[in-house]
Amino acid sequence: RDLELDPKTRTITLHKPNMKLDLGAIGKGYAGDEMLRVLRAHGCPHAMVALSGDVVVGEGAWRVRIEAADQTFTLKNAAVSTAGDTGRRHIRDARTGKLLEQVWLVSVLAKTGLEADGLDTTLRIIGEEAGRKLAAARHVKAWFRRVA
């Protein structure tokens, strides 16, 4: 509601003073999707792209450890992203501006890196109960694990 997208000029206008747009919550997932797209376009559909914890896989059978699930799964044409703050607290609730208090890991398995990366932090912020509902509504798998 406080920004305007113009698809013709491919620009974004921010309407609040000092407002900033941080794409960190979707950047790695989007980048993974794009890298996989380029690899496929160059004849390499059997590929895995790993970007600091976010993983996007193409054709084949890729063994990927999903951190919050504490398990390894075989994936094909899928993406996994994990949000968490076990080493340092860094996730803020945009509604309050405060750092989240409890330490959790939330992993999301989705069709694209953009969706997995965009949802993991969201689910981490809204909590397990609401997060499970949102994951079900989006038809993605999500795992929640309290770390401390």
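Treat the numbers as computed from the prediction; the structure is a model and nothing was measured.

Criteria and thresholds
Residues numbered from 1 in each chain as written. Predicted model: local features only at pLDDT ≥ 70, side-chain atom pairs only at ≥ 80, totals over all residues. Heavy atoms only, no water. Salt bridge = Lys/Arg side-chain N within 4 Å of Asp/Glu carboxyl O. Helix = DSSP H or I, 4+ residues; strand = E, 2+ residues; numbered from the N terminus. Buried < 20%, exposed > 50% of the residue type's maximum accessible area, 1.4 Å probe, protein only. Phe/Tyr/Trp six-rings, centres within 6.5 Å; stacked < 30°, edge-to-face > 60°.

Peer 1: Before we go on, may I ask you to explain the pattern of salt bridges in this structure?
Peer 2: Think of it this way: side chains of opposite charge can pair up when their charged atoms draw near. Scanning the model with the defined rule gives 9 salt bridges in all. Between K76 and E59 there is a salt bridge whose closest N-O contact spans 3.5 Å. Of this pair, K76 sits in the loop between β6 (71–75) and β7 (78–84) while E59 sits in the loop between β4 (54–57) and β5 (62–66), and the two are 17 residues apart along the sequence. Overall, the relative accessible area of 49% leaves K76 in the partly exposed class. Via salt bridges that share partners, R1, D2 and K16 belong to a single interconnected network.

Peer 1: Would you explain the packing of aromatic side chains in this entry?
Peer 2: Between two aromatic rings, the relevant description is the distance of the centres plus the angle of the planes. One pass over the structure, following the stated rule, counts 1 aromatic pair. Ring geometry for F73 versus W143: centroids 5.4 Å apart, planes at 45°, classification tilted. Of this pair, F73 sits in strand β6 while W143 sits in strand β9 (residues 141–146), and the two are 70 residues apart along the sequence. F73 gets classed as partly exposed once you look at its relative accessible area, which sits at 24%.

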